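# Report on the structure
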Amino acid sequence: MRVLLVDDEALALDRLRTFFDNIDGVEVVGQAQDGDEALTEIARLRPDLVILDVQMPGKNGLRAAAELDIEPRPELVFVTAHEHYAPDAFDVDAADYLLKPVRFDRLRQAVDRARRRRALREQAARADALQEQMAALKASGPVGLDDNGFWVPERHGQRRVPIENIDWIEAARDYVLLHTSVKGHLLRTTMAALEEKLKGTPLLRVHRSAFVRPDKVVEVKRANRSLTLLLADGAHVQVGPSYVGAVKDALGLD
C-alpha cells in the first residue's frame, strides 16, 4: 500500500515515518505540508492511502478532502488533536480518525481498516466489470480460439488475446477468466473444451478449474501432499491431486 503523509509539523511527519517503517506491506511515497500541496501530490503520486492532518495553514485537511476529485480515490485517515472534527471527517468518507499524539497500535489498526475498504472497493469494481463482460458475451454468443489466441467480446466489439499473453486461466461458472499482465478477459466456454483447444500450447492444466503458464510460477508451496503455485502477479493457484505429477514434471520438481 502506497502512503502519502500530510502534516505541517516536521516532528509529526518524522513520527509517522518511523511508525510506517514498522508496518508490513506499506511504502511512504511522499509528504506534503498543507492542503494545496496535498492535492497536488495526490494527483501526481496516486497513493492508496493518505494520512491527513486536519489543522494546517491555508487549506486544511477537511477542505482538501472535500475538493479531492480523482479516481480511484485514495483512502483517507485524518489525524488531529481535537475530537470535535470527527463528524466532519466521516462526512468526507474517511476510513479512520486518529487523535494526536498518534499511537502505533491505532495507526496500524487504521491502515488495516483502509486496506479492507480498498479491497472491497476493488472487488466491487471487478464485479461490475465482469457483469458488463457477461452481458456482452450473452449478446454476442460464444467466441473461440483461433490459431494463436482467443477472440473475446468487449463493449464495442471483440479483442484478440494472444495465447502468449495469458498468464493463467480460472473457471467462473459457465465462463473462464483469461488473466494477462494487464487485465482479465471473460470467455464463455467450458474447461473441458478449453483443455482440448489448448493442447500443444504452453498453458498447463493444474486443477479442474485452472490452467497456468509454468514460466509465471515464482514459488511452489507445499502443505502435506498438496501444492499451491504462487504466480508472478501474486495469484495463488491450488494444484489438484490428479495434476500434481504433471505439474512437478513441468516445473522440474522432485
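See the structure above.
Rules used in this analysis
Residues numbered from 1 in each chain as written. Predicted model: local features only at pLDDT ≥ 70, side-chain atom pairs only at ≥ 80, totals over all residues. Heavy atoms only, no water. Pairing = 2+ DSSP bridges. Helix = DSSP H or I, 4+ residues; strand = E, 2+ residues; numbered from the N terminus. Axes fitted to C-alpha atoms, helices over the stretch in contact; angles between N-to-C directions. Contact = heavy atoms within 4.5 Å. Polar contact = N/O pair within 3.5 Å; in protein donor to acceptor, adjacent residues only side chain to side chain. Buried < 20%, exposed > 50% of the residue type's maximum accessible area, 1.4 Å probe, protein only.

### A closer look at the sheet that holds strand β13 (residues 217-223)
One open sheet accounts for three strands, arranged β13-β14-β15; its pairing is antiparallel. Edge positions in the sheet fall to β13 and β15 (236-239), since each of these pairs with one other strand and no more. Along the sheet, successive strands turn relative to each other by an average axial angle of 25°, direction set aside. Note: strand β14 (residues 226-231) against β15, four bridges, orientation antiparallel. Paired with L230 across the two strands is H236, which belongs to β15. Sitting on the sheet, helix α7 (residues 244-251) touches β13, β14 and β15, and the angle it makes with β14 is about 45°.

### Quick word on the sheet that holds strand β10 (residues 184-187)
Pairing is antiparallel in the open sheet, where five strands are placed in the order β10-β9-β8-β12-β11. Lying at the two open borders of the sheet, with one neighbouring strand each, are β10 and β11 (204-207). Along the sheet, successive strands turn relative to each other by an average axial angle of 25°, direction set aside. Bridge count for strand β8 (residues 166-172) against strand β12 (residues 210-212) is three bridges, and the pairing is antiparallel. The partner of W168 across the bridge, within β12, is V212.

### Here we look at the environment of D48
Mapped onto the fold, D48 is located in the loop between α2 (35-45) and β3 (49-53). When the C-alpha positions of D48 and L177 are compared, they lie 26 Å apart, and in sequence the two are 129 residues distant. Those residues in contact with D48 that lie beyond four places of it in its chain are M1, R2, P74, E75 and R118. A polar atom in the side chain of D48 sits 3.2 Å from the side chain of R118.

### A short note on the pairing of β14
Within β14, five of the six residues are buried, which leaves the element mostly enclosed by the surrounding structure. In the sheet, β13 pairs with β14 via six bridges, with the strands oriented antiparallel. Across the sheet, V220 pairs through a bridge with L229, a residue of β14. Connecting β13 to the next strand, β14, in antiparallel fashion are two residues, including N224 with a positive phi near 55°. What sits between the antiparallel neighbours β14 and β15 is a turn of four residues, in which G234 has the positive phi angle 95°.

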